[in-house]
Amino acid sequence: MIAKIGSGKSTAGLIRYLFDTKKAKDHTDPHLVASWDGFAPDPGRADGFDATKKRLVADLDLRVKQARRLGRAPERHVWHCSVRAAPGDRHLTDAEWADIARRVVAATGIAPEGDPDGCRWVAVRHADDHIHIAATKVRGDLRTARHWNDYLTADKELAAIEKEYGLKQVVRGDRTAAKRPTRAETEKARRVGKTQTSRERLRTTVRQLVSIATSPEEFLLLLDGVEGVLVDVQHFPSGDVRGYKVAVEGDTNATGEPVWFSGAKLAPDLSYPKIRERLTAIDVAPVTEPGCRRKPNPWHQATAAAERIPHHLDHGYDATAQAHIAALGEAIDILPLLAPSHLRPQLQQAATAFERATRSRIRAQQDQARALRGAVRALRTTPVTGDGSGLAMFLDIAVLVVIATARWHQVRQHDQQVAAAHQALVHLHAAYRQAAAEPLAALAQRQPPARTIERHAQRVLVMLPHHAQQTLDDPAWPALAAALTEAETAGHDPDQLLQHAARQRTLDDARSTASTLTWRIQRLAARQAPSARARTAQADTYVTPRPAQPGQTPPSPSQPGPAAPARHR
């Protein structure tokens with residue numbers, strides 16, 4: 001169930017709307033199901049409709065008129081709450097809707113249970129799936145009702161009602177979602193042939209610029225250079241930036257002025273103070289992987305940084321985890337700017353969906369995500385080139401991290417964030433399948449001889465006992481065999497690479513274990529191959545796992561136990 005609450009100045013106007021059957025086509029049988037005392041006149045069931053309606057308005061407004069004589073009546077004295085059942089819910093009876101209405105007015109403070117001075121109210125049902133509660137906000141003692149946070153209290157009560165009545169439990173938020181476009185904005189966009197409202201377009205633009213900017217100053221500079229966007233930066237008397245607002249060029253109001261949106265009106269995390277906090281905490285220096293002497297590949301850097309996020313979600317403080325989720329959102333935001341045109345629609349939809357999962361009531365400790373944010377900024381000068389293996393590699397790990405993010409939110413009962421993460425997964429999976437097809441096919445064409453493939457298969461059986469058959473049956477197995485062969489040719493030990501790749505992150509969430517291992521092998525093989533002396537030292541401390549004996553459970557490299565002791569010379 002969903003509640004929508006508003007206020008107004010005219011009791012008569014609201015009652016006229018609720019009982020109207022001519023203009024409102026869904027008002028098929030308007031009638032009262034409950035009222036403040038159970039005896040309110042019901043225009044829907046009376047012969048003299050107009051006269052009964054006037055009596056109902058007069059009864060509701062009685063205390064308002066009394067308070068007005070004393071100068072104590074609020075200007076907007078009408079309280080209006082609609083309660084709608086979820087699609088697919090059973091049709092509730094009038095008696096059930098009456099009980100729901102009483103519980104809502106009690107929970108919100110309009111008419112607390114057992115309070116003889118509660119406000120006057122009526123509940124009108126004019127369709128099968130919802131009711132409207134109309135109340136006047138003056139109590140019997142002529143004080144104004146205390147109904148602060150009425151939306152939250154009504155929502156909490158409706159959640160309890162859903163469980164008690166066996167209704168669909170609606171996904172609820174925590175008031176950190178971006179404001180939705182108004183109906184007027186949506187209609188305006190439709191009239192001019194736009195698929196997005198100005199608010200949505202500007203939100204996407206600002207989020208993408210935040211994902212590539214390295215400082216607050218650069219963000220404002222980039223924003224000022226966007227074609228078709230007007231920018232107004234506000235300053236304090238000291239000259240420091242106070243905030244900014246943006247408008248779409250050509251989008252004007254009735255007076256011909258641009259329709260401006262401040263950053264906070266686009267999304268809670270796009271206000272200038274929030275953007276300044278995030279960008280000030282960025283480590284611009286490139287992230288260098290241990291053991292890498294070559295110039296680091298930004299896609300490998302970003303993948304390595306993202307791959308560590310599940311560890312922070314499982315073992316870090318909530319504020320640290322929230323910061324890494326926000327940083328992942330920035331990484332996904334930048335992808336549509338870098339990817340080939342055929343991948344951009346799916347990636348943009350993934351970014352739009354995941355945006356909701358990047359915010360919660362938990363305040364992010366932004367300086368804990370410097371590595372990923374620095375790697376993301378390095379990507380802006382590295383568009384997808386060649387066979388696109390870098391993008392495919394990043395998308396593969398992004399899918400696993402978004403799954404971990406959904407689980408993290410679910411444990412904390414962040415329902416909207418969980419739904420957003422799952423929605424983003426659909427688009428990320430689709431983008432990954434398209435992005436990975438070409439590089440995996442190119443690798444598979446370079447597959448080694450049958451004897452070499454058999455040797456790699458034996459390695460997989462020993463190193464990945466829990467995922468071996470799944471890996472060997474995977475359509476991407478020829479690509480993995482080719483990646484192992486190329487790494488071996490470059491001087492790497494394929495046994496150690498495979499073991500290291502399996503231990504980097506559990507493979508349980510991977511839809512294609514072979515392709516996930518392929519990207520990890522390629523990233524590890526991009527490092528400088530160890531020298532002969534280093535390989536000797538590694539062999540001295542490396543113990544090849546033995547095949548499991550009958551009746552024994554083989555150890556899983558993806559969930560390693562204690563390290564094997566080193567041999568003594």
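Residues numbered from 1 in each chain as written. Predicted model: local features only at pLDDT ≥ 70, side-chain atom pairs only at ≥ 80, totals over all residues. Heavy atoms only, no water.

Peer 1: Quick rundown of the overall build of the protein chain? Include the residues and the values.
Peer 2: Within the protein chain, the regular secondary structure consists of 22 helices and 8 strands. Burial statistics for the protein chain: of 569 residues in total, 50% are counted as buried. In the protein chain, 73% of the contacts between residues at least 6 apart in sequence involve partners at least 24 apart. Accessible surface, the protein chain: about 28,400 Å² in total, of which carbon and sulfur atoms supply 51%. (Helix = DSSP H or I, 4+ residues; strand = E, 2+ residues; numbered from the N terminus. Buried < 20%, exposed > 50% of the residue type's maximum accessible area, 1.4 Å probe, protein only. Contact = heavy atoms within 4.5 Å. Areas by Shrake-Rupley, 256 points an atom, 1.4 Å probe, with all protein chains shown as cover.)

Peer 1: Summarise the sheet that holds strand β3 (residues 78–84); cite the residues concerned and give the values.
Peer 2: Spatial strand order, β1-β3-β5-β4-β2: 5 strands in an open sheet with antiparallel pairing. Of all strands in the sheet, those with a lone pairing partner are β1 (2–8) and β2 (31–35), marking the two edges. Each strand axis lies, on average, 25° off the axis of its neighbour in the sheet, ignoring direction. When β2 meets strand β4 (residues 121–127), the two strands line up antiparallel, connected through 4 bridges. Its bridge partner being in β4, Ala 34 is matched across the sheet by Ala 123. Set on the sheet, helix α4 (residues 150–165) makes contact with β1 and β3; between it and β1 the angle comes to about 150°. (Pairing = 2+ DSSP bridges. Axes fitted to C-alpha atoms, helices over the stretch in contact; angles between N-to-C directions.)

Peer 1: Go over the nonpolar core, please, and point to the residues and values.
Peer 2: If you look at the biggest cluster of nonpolar residues, it comprises 106 residues, and the most contacted ones within it are Val 206, Phe 219, Tyr 244, Phe 394 and Leu 395. Looking at which element gives the most residues to this core, the answer is helix α15 (residues 389–411), with 15 residues. Counting residues in each nonpolar core, the second largest holds 29 residues, with Trp 79, Cys 81, Ala 101 and Ile 131 among its members. (Core = buried A, V, L, I, M, F, W, Y, C linked by side-chain atoms within 4.5 Å.)

Peer 1: How would you summarise the packing of aromatic side chains if you had to cite specific residues and measurements?
Peer 2: Overall, the coordinates contain 3 aromatic pairs when judged by the stated rule. Seen in terms of ring centroids, Phe 19 and Phe 49 are 6.4 Å apart; in terms of plane orientation they differ by 65°. Their pairing is edge-to-face. Separated by 30 residues along the polypeptide, Phe 19 in the loop between α1 (11–18) and β2 and Phe 49 in helix α2 (residues 49–69) bring together distant segments of the chain. A relative accessible area of 3% means that Phe 19 is categorised as buried. Given a relative accessible area of 31%, Phe 49 falls into the partly exposed group. (Phe/Tyr/Trp six-rings, centres within 6.5 Å; stacked < 30°, edge-to-face > 60°.)

Peer 1: Provide a residue-level description of the pattern of salt bridges, including the pertinent values.
Peer 2: Tallying each qualifying case throughout the model produces 35 salt bridges. In this structure, Glu 164 and Arg 103 form a salt bridge, with 2.8 Å as the shortest nitrogen-oxygen distance. Here the residue Glu 164 occupies a position in helix α4, and Arg 103 occupies one in helix α3 (residues 94–108), the gap between them amounting to 61 residues. Arg 520 is paired through a salt bridge with Glu 307; the nearest N and O atoms lie 3.2 Å apart. Here Glu 307 lies in helix α10 (residues 298–307) and Arg 520 lies in helix α21 (residues 513–525), a separation of 213 residues in the sequence. Exposure remark for Arg 520: the relative accessible area of 3% places this residue in the buried category. Using a relative accessible area of 9% as the deciding quantity, one classes Glu 307 as buried. Here the salt bridges share partners, and the residues they tie into one network are Arg 207, Asp 269, Arg 278, Glu 330, Asp 333, Glu 355, Arg 359, Arg 373 and Arg 377. (Salt bridge = Lys/Arg side-chain N within 4 Å of Asp/Glu carboxyl O.)

Peer 1: Report on the sheet that holds strand β7 (residues 241–248), specifying residues and quantitative values.
Peer 2: Hydrogen bonds between backbone atoms are what pair the strands of a sheet, whose relative direction is either parallel or antiparallel. Pairing is antiparallel across the open sheet formed by 3 strands, whose spatial order is β6-β7-β8. The outermost strands of the open sheet, each flanked by one partner alone, are β6 (229–235) and β8 (261–262). Bridge count for β6 against β7 is 7 bridges, and the pairing is antiparallel. Opposite Gln 234, over in β7, you have Gly 243 as the bridge partner. Relative to β7, helix α7 (residues 216–224) is tilted by about 25°, and along the sheet it contacts β6 and β7.

Peer 1: If you had to explain the packing of α15 against α21 to someone new, which residues and values would you point to?
Peer 2: Between α15 and α21, whose axes approach to 10 Å, the crossing angle comes to 125°. In terms of axis orientation, α15 runs oblique to α21. Note that α15 runs across α21; the crossing there is left-handed. Touching Ser 389, Ala 392, Met 393, Asp 396 and Leu 400 of α15 are Thr 516, Trp 519, Arg 520, Gln 522 and Arg 523, all from α21. (Parallel < 35°, antiparallel > 145°, perpendicular 65-115°, else oblique. Left-handed = near helix turned anticlockwise from the far one by under 90°.)

Peer 1: Break down the environment of Arg 143 for me, citing the residues and quoting the values.
Peer 2: The topology assignment puts Arg 143 in the loop between β5 (130–136) and α4. The exposure class of Arg 143 is partly exposed, given its relative accessible area of 42%. Spatially, the C-alpha atom of Arg 143 lies 9.8 Å from that of Val 64, the residues being 79 residues apart in sequence. Side-chain polar atoms of Arg 143 contact the side chain of Asp 141, separated by 2.9 Å. (Polar contact = N/O pair within 3.5 Å; in protein donor to acceptor, adjacent residues only side chain to side chain.)

Peer 1: How would you explain α2 if you had to name every residue and give the values?
Peer 2: Because an α-helix completes one turn every 3.6 residues, residues spaced three or four positions apart along the sequence face the same direction. The end-to-end C-alpha separation of α2 is 29 Å, in line with the 30 Å expected for 21 residues at 1.5 Å each. Those residues of α2 that sit buried are Thr 52, Lys 53, Leu 56, Val 57, Leu 60, Asp 61, Arg 63, Val 64 and Ala 67. Against the buried residues of α2 lie α1, β4 and β5. Looking at the residues trailing α2, positive phi occurs at Gly 71, about 70°. (Expected span 1.5 Å × (residues − 1).)

Peer 1: Kindly report on unusual backbone geometry, identifying the contributing residues and their values.
Peer 2: One non-glycine residue with positive phi stands out, namely Arg 175, at about 65°. By the secondary structure assignment, Arg 175 is in the loop between α4 and α5 (183–191). Of note, the phi angle at Gln 413 is positive, near 60°, even though the residue is not glycine. Secondary-structure assignment places Gln 413 in the loop between α15 and α16 (415–445).

Peer 1: Let's hear about the side chain of His 126: which residues, and what values?
Peer 2: Among the structural elements, His 126 can be located in strand β4. Only 3.1 Å separates the side chain of His 126 from the side chain of His 130, close enough to count as a polar contact. Polar contacts involving the side chain of His 126 include one to the side chain of His 132, which spans 3.2 Å. Beyond its immediate sequence surroundings of up to four residues, His 126 is in contact with Leu 18, Asp 26, His 27, Thr 28, Asp 29, Pro 30 and His 132.

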